[in-house]
Structure formats: structure tokens, C-alpha cells
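A closer look at the structure
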Amino acid sequence: MFPILKNSFRNNGKVKTNFKFIKKKMLLIRRLKKTTGVSNVIKWVSKCFLNSHRSFLLSIFRLSMVFYYLCNMKRIQSEVQYIQQLVSEGEHCHQDFKFEISDARKIAKSLSAFANTEGGRLLVGVKDNGKIAGIRSEEEIYMIEAAATMYCQPPVTYTTQSHSVEGRTVLEVCIEEVTNKPIYALDEGNKPKAYVRIMDENILATPVHLKVWQHANKKRGAFVAFTEKEQRLLYAMKGKML
């Protein structure tokens, strides 16, 4: 486009970088501004700069891609190790496996049990034997939300985290223990029922639990009297939890 300026910028295919050279060529650019226009000069200078630094920019791009790949691989490996560690623990009082979520009311029972006991987590997409199956669709995420908001009274707060394991997605649902108990789950007849987590099972809360929670929620302390049968039940349940 500008043969005089082009020949001045290059010498045998090599770009000169000394200051005298740059000063001389800037004078040429100023002359061309008056004859060809500022916009054309800017376009040409930008093109020369990109051509001369193309290999450098390409190297920076490749290095950034390698860095991104290594960081991503490290994150994936840490996720795999984290889920494998949880699965190796099996189901217990703080953890429950769910192969799939097909009924929001059943999930509400688990949410109620964890919230009324000591909190816990659901691993959705994991079979009872610990095999990774992965969640099937995003509808399962919506069913968890429905279980927590529509079928739990009062609604349960929870957090979710997706993990990529063996090319499948495992959904981790964490539930904290609540202070104001109980959390009820609505059954098929929309009747509220409270649950507790004992070992690896969700157990319907007994009248003893309900009575303890009722008095615990009161501002002032109160004396609670239990029958001999209720005391035996409390000792038995305490032994199971230990």
C-alpha cells in the first residue's frame, strides 16, 4: 500500500528496532498523514505490528491454553478423589446415596431427617453399592428444590455442588442442622411428619422427640417428665446413635 514506508520498516525481512530507525520512520508517517489520511496510516501500522509479532502472540496463546488445561485437569482430579473418598465411607448417619430422584416427597423425608439430627449430605447419582451412575437430567435438581420448599415445613435451606466423575455428574446436596426443630415432611396425604436420622436410615420421630423439641424451643427452661417406657426408648436410641 505504501511501498516507501514498507521498505523502510523492513531490511531483508528483519524488523529494525533501533531508536534512530523509529524516529526516521515516524517522520515518514507524518508526511503520509498529510497525503493519504490518518485512518489509512493507522491501519497499515497496526497490520505491520501484528505481522511482526504474530509468532510471539501465538506463543502466548499456546502457553495460556496449556496453563488452562493443567489447572482444569488438577480440578477434575481433586473432584474425583473427593467423591471417591465420600463413596468409600458408605451410607451413614450423615450421608445417603440416591441413584435417582423420582419422588420429591421421599427426598423431603431425607431433608427432614438430616435437618432434625446433625445435618448431612445426599449424593445423587450414586447407587446403594457405591457405583457412580450420574444424574440423568436437570429435573432431579428441580425436584430437590420442590422437596425443600414445597414438601418441607418450614422450608429447608441447602446447598448443591456438581462433581464430574468418570464422565458422569454427581450432585452433592448438603443440609445443615436446624436450631428450631422439628422440620416436617408432607406425606402422600399432605400430613406433616418429622423424621430423624439414625445410622443409615430415616426414622419417623417419636412423641419423645417432639416433646423434647417443643420444650427446647421455649425461651424458658421447663422440666420434662418421661414415663419408664419413654426413658427406655431414649436409652435405646442413644445407644444406636453411639
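Our subject is the structure that appears above.
Residues numbered from 1 in each chain as written. Predicted model: local features only at pLDDT ≥ 70, side-chain atom pairs only at ≥ 80, totals over all residues. Heavy atoms only, no water.

**Here's the deal with the overall build of the protein**
Within the protein, the regular secondary structure consists of 8 helices and 10 strands. Out of the 242 residues belonging to the protein, those deemed buried represent 31%. With an accessible surface of roughly 16,600 Å², the protein has 57% of that area assigned to carbon and sulfur atoms. (Helix = DSSP H or I, 4+ residues; strand = E, 2+ residues; numbered from the N terminus. Buried < 20%, exposed > 50% of the residue type's maximum accessible area, 1.4 Å probe, protein only. Areas by Shrake-Rupley, 256 points an atom, 1.4 Å probe, with all protein chains shown as cover.)

**Topic: the sheet that holds strand E10 (residues 201–204)**
The strand order across the open sheet built from 4 strands is E5-E8-E9-E10, with neighbouring strands paired in antiparallel fashion. Single-partner strands in this sheet number two, and they are strand E5 (152–153) and E10. Direction of pairing for E5 relative to strand E8 (residues 184–186): antiparallel, over a ladder of 2 bridges. Within E8, the residue paired with Cys 152 across the bridge is Ala 185. The sheet contacts of helix H5 (residues 104–116) involve E5, E8, strand E9 (192–198) and E10, and relative to E9 the element is tilted by about 60°. (Pairing = 2+ DSSP bridges. Contact = heavy atoms within 4.5 Å. Axes fitted to C-alpha atoms, helices over the stretch in contact; angles between N-to-C directions.)

**A word on the environment of Ile 198**
Positionally, Ile 198 belongs in strand E9. Taking C-alpha positions, Ile 198 is 9.6 Å from Phe 114, a pair spaced 84 residues apart along the chain.

**Notes on the nonpolar core**
Counting 24 residues, the largest nonpolar core has Leu 111, Leu 122, Val 124, Val 156, Val 173 and Ile 175 as its most contacted members. Considering every element that reaches this core, the biggest residue donor is H5, with 7 residues. In terms of nonpolar packing, the next biggest core, distinct from the first, is built from 9 residues, Val 87, Phe 97, Ile 132 and Val 170 among them. (Core = buried A, V, L, I, M, F, W, Y, C linked by side-chain atoms within 4.5 Å.)

**Quick word on the sheet that holds strand E4 (residues 120–124)**
Reading across from one edge, E3-E4-E7-E6 is the order of the 4 strands in this open sheet, with mixed pairing throughout. Only two strands of the sheet have a single neighbouring strand rather than two, namely strand E3 (95–98) and strand E6 (158–165). Sheet twist, expressed as the mean angle between neighbouring strand axes with direction ignored, is 20°. Where E3 meets E4, 4 bridges bridge the pair, whose relative direction is parallel. By the bridge assignment, Lys 98 is partnered in E4 with Val 124. In the packing of H5 onto the sheet, the strands contacted are E3, E4 and strand E7 (168–175), and the crossing angle to E4 comes to about 155°.

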